Amino acid sequence: MSKNAASNATTKVSPFVLLIIILTLVLSLTALIIALSMFSAPAPDYNAVITAGWLTLIGALGLVISTYVLLQARRRTQEKIATPPTLTTVECTKCGFKNVREFQRGDYIFKEAEKCEKCGNPTQIAAIYREVKEGHKERYRF
Ligand SMILES: [Zn+2]
């Protein structure tokens, strides 16, 4: 009955960002190739060398930036997947009955929460914490 977690969630970079990164990579490589051909010209004049130097600089910068952005985006998606769920423990002020539920927006410690399942008295939030647990990562997403 249990589904095997598909391993297709490794890189979820938006296609638009990916397109820009690839475009930057291609342009940078083109700039480097042009620069290389200018440097290896039989008799390069001063202006050609300057232009080739700039092209090399721009090309290298483009390569570094696009690689950096790609790595950052990849790491961010991995972090998002690995984020453990936040849980809230509510405790009855009268009978001490404890209940653990998923964190809800606006929860804070000592806040009056829903009524006690056992005695019907108001409960209070006792703790808010992150559950560090292996597996079941796909189930909890904000
Ligand atoms: Zn109670």
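So, how was this worked out
Residues numbered from 1 in each chain as written. Predicted model: local features only at pLDDT ≥ 70, side-chain atom pairs only at ≥ 80, totals over all residues. Heavy atoms only, no water. Donors = N, O, S within 2.8 Å, 3.2 Å for Na, K, Ca; no water. Tetrahedral: all angles 85-135°; square planar, octahedral: opposite > 155°, others 65-115°. Buried < 20%, exposed > 50% of the residue type's maximum accessible area, 1.4 Å probe, protein only. Pairing = 2+ DSSP bridges. Helix = DSSP H or I, 4+ residues; strand = E, 2+ residues; numbered from the N terminus. Expected span 1.5 Å × (residues − 1). Contact = heavy atoms within 4.5 Å. pLDDT = per-residue confidence, 0-100. Salt bridge = Lys/Arg side-chain N within 4 Å of Asp/Glu carboxyl O.

A. Representation of the coordination of the zinc ion. Donor atoms from the polypeptide that coordinate the zinc ion comprise Cys 92 (SG), Cys 95 (SG), Cys 116 (SG) and Cys 119 (SG), at 2.3 to 2.4 Å from the metal. Coordination at the zinc ion is tetrahedral, judged from the four donor atoms that bind it and the angles of 104 to 120° they form at the metal. Between consecutive donor residues of the zinc ion, the sequence gaps follow C-x2-C-x20-C-x2-C. On the accessibility criterion, Cys 92 (4% relative accessible area) is buried.

B. Representation of the pairing of strand β4 (residues 122-130). Direction of pairing for strand β1 (residues 86-92) relative to β4: antiparallel, over a ladder of seven bridges. Each bridged residue has a counterpart across the sheet, and for Thr 89 the counterpart in β4 is Ala 127. Note that strand β3 (residues 112-115) and β4 share two bridges and pair antiparallel. Residue pairing across strands places Lys 115 opposite Pro 122, the latter belonging to β4. Where β3 folds back onto β4 in an antiparallel hairpin, the turn is made up of six residues, including Gly 120, whose phi is positive at roughly 85°.

C. Representation of helix α1 (residues 15-39) in the model. Helix length check: α1 (25 residues) gives 36 Å between terminal C-alpha atoms against 36 Å at 1.5 Å per residue, within 8%. Taken together, the buried positions of α1 are Ile 21, Ser 28, Ala 31 and Ala 35. At its buried positions, α1 is contacted by α2 (46-82).

D. Here's a closer look at the confidence of the model for the protein chain. Put simply, the protein chain has an average pLDDT of 82, and 83% of its residues get 70 or more. In the predicted structure, residues 1-10 sits below a pLDDT of 50 and forms four contacts with residues beyond four places in sequence or in another chain.

E. Seen up close, the pattern of salt bridges. All chains considered together, the criterion is met by three salt bridges. We note a salt bridge from Glu 114 to Arg 101, for which the minimum N-O separation is 3.0 Å. Of this pair, Glu 114 sits in strand β3 while Arg 101 is found in strand β2 (residues 98-102), placing the two residues 13 residues apart along the sequence. Taking the relative accessible area as the measure of exposure, Glu 114 reaches 35% and is therefore partly exposed. The salt bridge involving Lys 111 is made with Asp 107; its shortest N-O contact spans 3.9 Å. Relative accessible area serves as the criterion here: at 24%, Lys 111 is assigned to the partly exposed category. Classification of Asp 107 by relative accessible area gives buried; the value is 10%.

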